[in-house]
Amino acid sequence: MKDYAAKAAVDFLADQAVGAGFYTTVNPDYVQAEKAKAIVDEFCETVNLDGLLQIGAREVVACGNSFWEKITPDRLESLKILPLISIEKVLRDPLGQVRGFKQTATYGGKTLAPESIIHFCWNPINGEPFGTGVLRSLAERLTVNGETRESLISVKARLEKVM
């Protein structure tokens, strides 16, 4: 992201949502509570869940989406965050159930099974399969009464260049 003000806004909002990470607690009255806590903590450390959440939160705030691929579909140990531009289309049936995620040709062009993807989607508009992040309103061109106006981010960049 080249606009420093937009990046700072995204970072601030993501930090507010995720913070520095999380911690786990247990009720000591339960049998083997500490053992269960140790297993969960080890898992979170192994997959670097704090780091993944930081990245995912920034993508969701900025763009409205984050796609995490489960390399082994039935297990969460191998998670990989996919580039946002790698998903071209969310394939859905007439009832809106996700049937797959179509990748762009640059990323192989294959269709990923829905059970292999965790799709974090925030603020979908009008039933769209993709979410809407805070940057969308800055990046989209606006058409009013047949007249198309530049995006706000383009106008800001041009003004900064002139100054």
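Predicted, not measured: the structure shown is a model, and the values here were computed from it.

When helices and strands are counted, the chain shows five helices and eight strands. Its helices and strands in sequence order give the chain the pattern α-α-α-β-β-β-β-β-β-α-β-β-α, from N to C terminus. Of all 163 residues assigned to the chain, the portion counted as buried reaches 28%. Sequence separation of 24 or more characterises 45% of the internal contacts of the chain that already satisfy a separation of 6 or more. Carbon and sulfur atoms make up 57% of the accessible area of the chain, which amounts to about 11300 Å² in all.

A few words now on the nonpolar core. Among the nonpolar cores identified, the biggest contains eight residues, and these are Ala6, Val10, Ala14, Val18, Ala57, Val61, Ala62 and Leu135. It is helix 1 (residues 4–18) that provides the largest number of residues to this core, a total of four residues.

Here we take up the sheet that holds strand 2 (residues 79–82). An order of 2-1-6 is seen for the three strands of this open sheet, with the pairing classed as antiparallel. Both edges of this open sheet fall to strand 2 and strand 6 (117–121), since each of them pairs with a single strand only. When strand polarity is set aside, the average angle formed by the axes of neighbouring strands in this sheet is 25 degrees. Strand direction decides the pairing type here: strand 1 (residues 65–70) and strand 2, joined by four bridges, are antiparallel. The residue of strand 2 that forms the bridge with Phe67 is Leu82. Against the sheet, helix 3 (residues 49–63) touches strand 1, strand 2 and strand 6, its axis set at about 145 degrees to strand 1.

Attention now goes to the state of the cysteines. One pass over the structure, following the stated rule, counts zero disulfides. Cys63 takes part in no disulfide bond, and the closest cysteine sulfur, belonging to Cys121, lies 12 Å away.

With that settled, consider the pattern of salt bridges. Inspection of every chain in the model, using the stated rule, returns ten salt bridges. Ionic pairing is found between Asp41 and Lys37, a salt bridge with its closest N-O pair at 2.5 Å. Placement of the pair is Asp41 and Lys37 together in helix 2 (residues 33–47), with a separation of four residues, close to one helical turn. Residues Arg136 and Glu140 are paired through a salt bridge, measuring 2.7 Å at the closest nitrogen-oxygen approach. Classification of Arg136 as partly exposed rests on a relative accessible area of 28%. Where salt bridges share partners, they join Lys7, Asp11, Asp15 and Arg58 into one cluster.

In this section: unusual backbone geometry. At Gln32, a residue that is not glycine, the phi angle is positive and equals roughly 60 degrees. Along the polypeptide, Gln32 turns up in the loop between helix 1 and helix 2. Within the chain, Asn126 stands out as a residue other than glycine whose phi angle is a positive 60 degrees. Take Asn126: it is sitting in the loop between strand 6 and helix 4 (136–139).

Reading the values: rules and limits
- Residues numbered from 1 in each chain as written.
- Predicted model: local features only at pLDDT ≥ 70, side-chain atom pairs only at ≥ 80, totals over all residues.
- Heavy atoms only, no water.
- Helix = DSSP H or I, 4+ residues; strand = E, 2+ residues; numbered from the N terminus.
- Buried < 20%, exposed > 50% of the residue type's maximum accessible area, 1.4 Å probe, protein only.
- Contact = heavy atoms within 4.5 Å.
- Areas by Shrake-Rupley, 256 points an atom, 1.4 Å probe, with all protein chains shown as cover.
- Core = buried A, V, L, I, M, F, W, Y, C linked by side-chain atoms within 4.5 Å.
- Pairing = 2+ DSSP bridges.
- Axes fitted to C-alpha atoms, helices over the stretch in contact; angles between N-to-C directions.
- Disulfide = S-S within 2.5 Å.
- Salt bridge = Lys/Arg side-chain N within 4 Å of Asp/Glu carboxyl O.

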